[in-house]
Every structure is written in structure tokens, then in C-alpha cells.
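Secondary and tertiary structure notes
What follows is each chain in one-letter form.
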Amino acid sequence: MRYTARVSRIFLRLAVPVAFLLLPLAVSAQEIYVPRLALDSDLSPVIAGSLSSADGFVEGKGPLLRLTYASVVPLHMFIAPMINATDYNPGDMYAVDLPAGSEPAEIDLTALTKWSPGMKRYYVSFLSGGSETDAEIQNIEIHGGNIGSTIMAAGRHLFQPEPYWVSNVHFLRGRRVLGVPLAVVGGMLTIVLTAVVFVWKKKRLAPALLSLLLCALVSQLLMATDAGRLAFTHTKEWLTGGTFAQPQDLYLVAADLEEAQQDVDVPLSITVCFDASDYEAKLLRYLLAPVNVSINQTINEKTSHIVVLPSAKRDPGEETETCDFQDRVERLEKTYPSGTRVYALRHA
Amino acid sequence: MSMLIFLLWLAILLAEGWMFTRVLLRRDDRWLCLTLALPMAAVLNAVLFAKITLVSLPLSPLVLIIYHLTTLAVTAVLFWKVRGTGVYVPQEPTPFLSVGRFRALVTVLCSVILLQIVAFSFTHSVIIPTHQIDSLTNWTMRSKISFIDQELAFDKTEERGIAKPQYPFLFHSLQIVVNEGNETWNDRAANAILFLLSLSAFAAIGLLLARLRSWQHGLIGVTLIASIPLMAYHLEHGYGDIHLVEYAALSLLLLIGARERRSVGWLLVSGVMAAGAAWSKSEGLFVGLIFWMMMSVVLLRGIVPAKILGLSLAAAWLFWLQFPTLMYLKGLGLTPHGSDTALEMHFDMLPAALQGIFAAGSFGMLWTVLFVSFILFLIGLKKKHPGIDRVSFATVLWGIAVLLLILFTYTMTANAEFLRNGQSFQRQLMIPAVLLILSLLAAWKPRSGR
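Residues numbered from 1 in each chain as written. Chains lettered and ligands numbered in written order. Predicted model: local features only at pLDDT ≥ 70, side-chain atom pairs only at ≥ 80, totals over all residues.

Residue and element names in this part refer to chain A. Across five bridges, the pairing between strand β15 (residues 329-335) and strand β16 (residues 341-345) is antiparallel. Among the inter-strand pairings, Leu332 is bridged to a residue of β16, identified as Tyr343. Following β15, the chain reverses through five residues before pairing antiparallel with β16; Gly339 in that reversal takes a positive phi of roughly 105°. (Pairing = 2+ DSSP bridges. Helix = DSSP H or I, 4+ residues; strand = E, 2+ residues; numbered from the N terminus.)

In C-alpha cells, the structure reads:
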């Protein structure tokens, strides 16, 4: 009973400040769009399908970007903080899907890990799927902000998972809190804490080493939680749909093509068409080896199939297509949920 | 059927590695031998692959089974001839922490971290198929092509997507051998054996620390290493870096054990593990085998007779020399990057290097923790702290030497390009980070909570 009472007391003590911090969000009745990291999902179909665009810069101080626009088609907005007057890091690019209409929209800039409460300059770009659009950006400004929203943003950044890309096991960019790398913030705090413990415990080594160890373990617990989350989500995706993350449904494409190979005596020869990273093409080449899979986007007299990835432009025959199909398409074999299409070719 | 073939090869490899390790350790500590069995068998398997390639035999199931059964038979004969106690005599344990409540907290934290990392590693290497970019080109792809060709692929052009003929092939040979007997390439078997190799290596690292110091040391060591953020992602498998790090870590701990037990057996196993580092990746020759040899001389000179020390060092090289011989006969160099040794000044890359060490996400704040720990150990040494083992502390030289070599390579050679584009600098930093963690942990032998 005593234990339960103590837990209840702690909970009540914590509940009041937490509720106070959440108050600014609760009173904000307007719908707020939360940007997502562009590289976290495959946006190549959006980019490949865009027919008109506009871009520019916006500068200001605050956690919210207010946008007044009017468009008859949905707009894809991209936003990235500038690292100097002319450059931004593509890894910092975030995406927001805006619906058709003429309502003002609020965009939560604190979702950007490089957001900080000071003055910031952002690159902003709008893409539209319509070749002739009446889209009009009437007003764009950065506003809002108080100590509560800054603390909320810091907490959110602390627990925002490290982005995971299968093609990026060379290095990790790391979490940032209010634009500052967590490794630096945590490292400084660790040094201060250890120094305090060392002096306080009369220069004994064991307590100082223990404080170092605990800091390291707490920091690495954050990363391990990312790994645990990925273990769950990727396994669930794989076991339920036979696909996951960046590879999407390419394993299904490869399985179908392997089956097609079993039905014929002549070895298949496949060309992959794409207009972005060659990761997907290389994955297909591995999965289908020893079948010849060309990733240089050219077809020859032996090519039997073409796999058109979602990033590739248009359908065969159109002027802006990525690969030259040489009018040899016999039939569309299959269109996959990701938008990947497999075509069978006539013999040259 | 694939599963049965996989289990059969796994049994052969484990038996071979277990008996060979027990022969070298004179039947000391059967649990340690069991955890070292797969890392040992992987080195023996790579050596076999080199020999088969040298005599131009095909990598067929028949050839491989004959070679492995012969090795198994010879090892078994040696095993029965070697006398030993067969019983591990424990040293007096020196717990990392003497304060009970912190001990429980640390144990819980380590367990929660490890559980998630193991789940991530298992799901991404055994359940989910190959997906990492370099696996699709230089690593698992080369294994698959070699399996199909029935000979190691030494492609010099990108025609088939693999143009790294100089890559050492411990990784490839292990993936290929568990597929022998299958009609087609089994991706899951190929990745599962690498997962088991890492699992064995980490179990051996934990057990070695437990044997040399305490179970707490083992748990903390394995957790700190496995949860280095970049390391955890590499435990998906598909790159050689992770195995290079594992072999270097094993050879360091076995070397410390060889010094403390005055055991030639431990030195020999340590040497094979150092050779394993060189078989895992090209840089393993320098940061593994050569630095291991230098550290062995530093630690064991005067402890082990010079002649025996020399022979032990030579024995380690015998487990690797097949590789340069093969490369020479193929007309290939030892590194895929011809620019590795050309001196070019890139001091402008130092800030980027420091940022990679202290500010990026690959290591979180681990390097800061290592740096502060190192300072504290130096203060302790100056005050003649009884909880610091000076000999084990001396092994930080290995980690520091690797760190300096990496910094030199990326700021004073054309490899600066790979720091600029972020390709390999932080991956290579995993090696000194792990070596320093282990050296500092092994050096901490408190008798009380001082």
C-alpha cells in the first residue's frame, strides 16, 4: 500500500507540470500539418509525376509556418533549413502533403530536428501533379513560440528515432535537440556530471567511472530502442506483406520473374528503368542472379523484360520516359502496389 | 532440405572449431571453446577455400565435404592425443561494481539494451532477406556469384556487379559453405551463418571478460560494444566490418588472458583470431595481425620464452599467408584502393574527422566517455590506484595506434575522399572504439568500491 501511495504521489507531482507544458498545443484548435522526413519514404513517384513547381526561401523565428494558399489540386511541399546562404542538406529535407483548397495551413516546424528557437532561413518548394495549375501562395510566414513550445520541441527531438536507410550503414547523423547534436549535449553533460561526482566523492575512481558508465548506457538505450522498434516494424511488414522499408515490393517482383524464368528455356534478360538511386536495381540484380539484370537503362536485342521502377518517368512510348523502349513492349505483365511495372518485350 | 543442409554444415563447422580450439587450449575451459568454435571454424574454412582455389579445384559440395571431413579427422586425432585438465580453474572474480543498487540498475539497463539489439540483429539477418547496399554488390553478391560459378569470383569489371577481387573471403567462404548441397542459393542460410558467427563472437567476448574479471565486466563489455549505434546496424550483417571488429576484440582479450595465465595456448588462439581479422577485411592485416604481433611482443616478452613467442607469432601468420599467395598468383594487390599509401595532406578534413568522432550519431557520446575514462585511468595510475591493472591498461596502445592510423589515413592520404563522402571513416572507427572499451574494462580490477 505504501508503495502504491508513493507512486501515486509521484504521478500527481509530474502530471501538473506536464499538463502545463501541453496547454499551448491543446488551445491551438487549427489543424497543424507535421512534416515528415523526405528520405523516410519513397517520394520518387511524386517527383517523377510533378509537372509544375515553384520554390523560394522563408525566414523567421518561431515553431509554426503559416501558409495561405489556393489550389485546385493537392500540393506537395518540401522544406529544409539552410546551412548557409545558398545550401541545404538533402538529408534535412522534410515533406508535407497539402490538400486542394484555399484554407490557411499551419506547419509544425519543430518536427524538423534542426529547428531551434532562433532566427532561421528555410528553403521551400511546392510541386504539383497538374501541368496547368491555378495554385497560388498568397502568404507565408513563421510565427508563434514560447518557452513551453521550445521545451516540448526539445523533448520531441530527444525521442525522435534516428532515421534508418538500408543504404546508409556507413554513418549515422545522430539525434539533434534544438539543432544541436545530442552527442555534443550529452557529452558535455557527462563531462560535467563526472567531474562533479569525482570531486564530491573525494577523487575516488569507482563513482566517477560508474557515472560515466550510466551516462553511456542511458545514451545507448535510446539507440537500442530505435533498433527494437525497427525489429518489430520491419518484421511485421515482412511477415504480413512480403516487403519492408526501402526495398518495398521488389522481393515480390523478383519472385514473379524467377517463376517466369522457370516457365521458359531461354534465359531471361532484364533491364531496370529508374530515375533515382540505383539501390532497387542492384537489389533486383542480386535477387535474380544468375539471370542477366542490366542496370544501365539500355535495352538490346536480348532484353526480354523491363522493370520500370516508380521513380522512372512516364509510361513507355511517351516522350519523357527514362528508358528507350524501342517500341518493343508486348504487354504489361503486372503493376505492383508501389507502382513498379513489369513489361514483356517482343523479340528484336 | 535447405535447413537440413545448413544444420549439417553447422554441426561440421562447430565440431571442427570446438576440437581445434580445445587442442590449442589443451582442453581448458570447454564453454569458452564452444563459443570460440564458430569464429575458429570460419578461419579454418577460409584457409581451406584458399587452398582449394590455389590447386584449382571446384567449390563443389563433394570437394568441400572431403576437405572438411579430413580436417575434422586430423583435429579429432589431435584432440584425443592432447592431455589436459578439461576443467577451468577460475581466478578470483573482481566485480566491476560493489554497490548493490547500481549493480541491479546496470544489469537491467544492459539486459534491456541487449534484448533489443539481439532482436534487431536476428530479424534483420535471419528473417528479412539481404537488403544492405554493399551486400548487394561487394559482399553477399560475390558469395552468390562464386557459389554459382563453383569458384571464387575475382571479377575486375562491374559487368556482374562485383569488382572487388582483392576482398579477403572469410565472409564469402562461410556463406558459400553452408549453401553447398543446395541447388540454388539460399539467402537465409547465407545470412544466418553470419548471425551465428557474431552471436558466438559476442558470447566469447562476454565469457572471456567474465573469466578474466567478472560476469559484470562481461555483461557491460558486450552491451557497450553491441550498442554502439553504428555497430548495432552492422549486426544486420552483410558487411565485413563487423567480423573484423569481432576478431580483433577476441584476439585482444585472448592476448590479455595469455599474459595473465602465462599460456601459449591462449596466445595461439589469439593469433588465429588476429589472422581472422585479416581474413575478414583488408585493413585487418594492419589493425589486426600486425598490431597484434607488436602487442604480443610488448606483453609477453620475458613472460614466454623468446623462441616459443617467435614460433607462436609465426603460427598466426601461417593461418593467413595463403591469402597473399593467392593474390600474388592471381596478379592482384592486397587492397582495392591503390591510393591507400600515397601521401597527400588533407588537414582541412580534421574538423570533419573530429565531428565524426564526437558529434555524429554513429557513436553517440561513446568517444567522449572513452576519452574521459582514459583521463581518469591516467589519474588513477599516477596515484597508484590498486584497482587498475597496468598490464591490461597498456593494451590501450593497440586501440590508440589504430585510431591514429585511421586519422592518418583519412587526413594524409587520398582516402580523405571517403571521409568527405562519409563512406568508410566512421565504419573503421568501430575498431579502435571496441579495442579501447575492452582494454579499459580489462584494466579495471577493483578489490573494493574505491
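Next comes the rest of the write-up.
What follows is about the sheet that holds strand β3 (residues 52-60) of chain A. Residue and element names in this part refer to chain A. Spatially, β2-β6-β5-β8-β3 is the arrangement adopted by the five strands of the open sheet, whose pairing is antiparallel. Among the strands making up the open sheet, the edge pair consists of β2 (36-37) and β3. Pairing geometry for β2 and strand β6 (residues 94-98), over two bridges, is antiparallel. Bridging from a neighbouring strand, Arg36 pairs with Ala95 of β6.

The subject of this paragraph is the domain arrangement of chain A. Much of the literature gives interface size as the accessible area that the parts lose upon coming together. Here the domain parsing of chain A yields domain 1 (29-146), domain 2 (176-241) and domain 3 (250-345). Each of domain 2 of chain A and domain 3 of chain A has a C-alpha centre, and these two points are 45 Å apart. (Domains from an automatic or database assignment.)

We now examine helix α13 (residues 306-318) of chain B. Residues and elements named next belong to chain B. Here α13 spans 18 Å end to end across 13 residues, near enough to the 18 Å set by a 1.5 Å rise per residue. Residues Ser312, Leu313 and Ala316 constitute the buried set of α13. When α13 is viewed along its axis, its buried side chains cluster within an angular range of 95° and face the same direction. Exposed residues on α13 whose side chains face more than 90 degrees from its buried face are Lys307, Gly310, Ala314 and Leu318. On its buried face, α13 is in contact with α11 (264-280) and α12 (284-300). (Expected span 1.5 Å × (residues − 1). Buried ≥ 20, exposed ≤ 12 C-beta atoms within 10 Å, placed from the backbone. Arc of directions from axis to C-beta. Contact = placed C-beta atoms within 7 Å.)

Once that is clear, we can look at the sheet that holds β15(A). Residue and element names in this part refer to chain A. Spatially, β13-β12-β14-β16-β15 is the arrangement adopted by the five strands of the open sheet, whose pairing is mixed. Each edge of the open sheet is held by one strand with a lone partner, namely β13 (292-294) and β15. Recorded for the sheet is a direction-independent mean angle of 25° between the axes of neighbouring strands. (Axes fitted to C-alpha atoms, helices over the stretch in contact; angles between N-to-C directions.)

Looking now at the packing of helix α10 (residues 241-261) of chain B against α11(B). Residues and elements named next belong to chain B. At a minimum axis separation of 8 Å, α10 and α11 run at an interaxial angle of 165°. When the axis of α10 is compared with that of α11, the two are roughly antiparallel. Between α10 and α11 the crossing geometry is left-handed. Across the interface between the two elements, His243, Leu244, Tyr247, Ala248, Leu250, Ser251, Leu254, Leu255, Gly257, Ala258 and Arg261 from α10 touch Trp266, Leu267, Val269, Ser270, Met273, Ala274, Gly276, Ala277 and Ser280 from α11. Across the contact of α10 with α11, the residue classes tally to 13 nonpolar, six polar and one charged. (Parallel < 35°, antiparallel > 145°, perpendicular 65-115°, else oblique. Left-handed = near helix turned anticlockwise from the far one by under 90°. Nonpolar A, V, L, I, M, F, W, Y, C, P; charged D, E, K, R; others polar.)

We now examine the nonpolar core. In terms of nonpolar packing, the biggest core is built from 207 residues, with B:Val43, B:Ile205, B:Ala232, B:Leu253 and B:Ala433 touching the most fellow members. Among the elements that make up this core, the one with the highest residue count is helix α7 (residues 187-212) of chain B (16 residues). There are two domains that each give this core at least three residues, and those are domain 2 (176-241) and domain 3 (250-345) of chain A. A:Met77, A:Phe78, A:Leu112 and A:Trp115 belong to the second-largest nonpolar core, a separate cluster that totals 24 residues. (Core = buried A, V, L, I, M, F, W, Y, C linked by C-beta atoms within 7 Å.)

Quick look at the interface of chain A and chain B now. Listed per partner, the contact involves 52 residues of chain A and 63 residues of chain B. Those elements giving two or more residues to the side of chain A that touches chain B turn out to be α4 (182-200), α5 (205-241) and α7 (279-288) of chain A. Ranked by residue count, the leading element in the side of chain A that touches chain B is α5(A), at 23 residues. Here the residues of the side of chain A that touches chain B are counted per class, giving 33 nonpolar, 13 polar and six charged.

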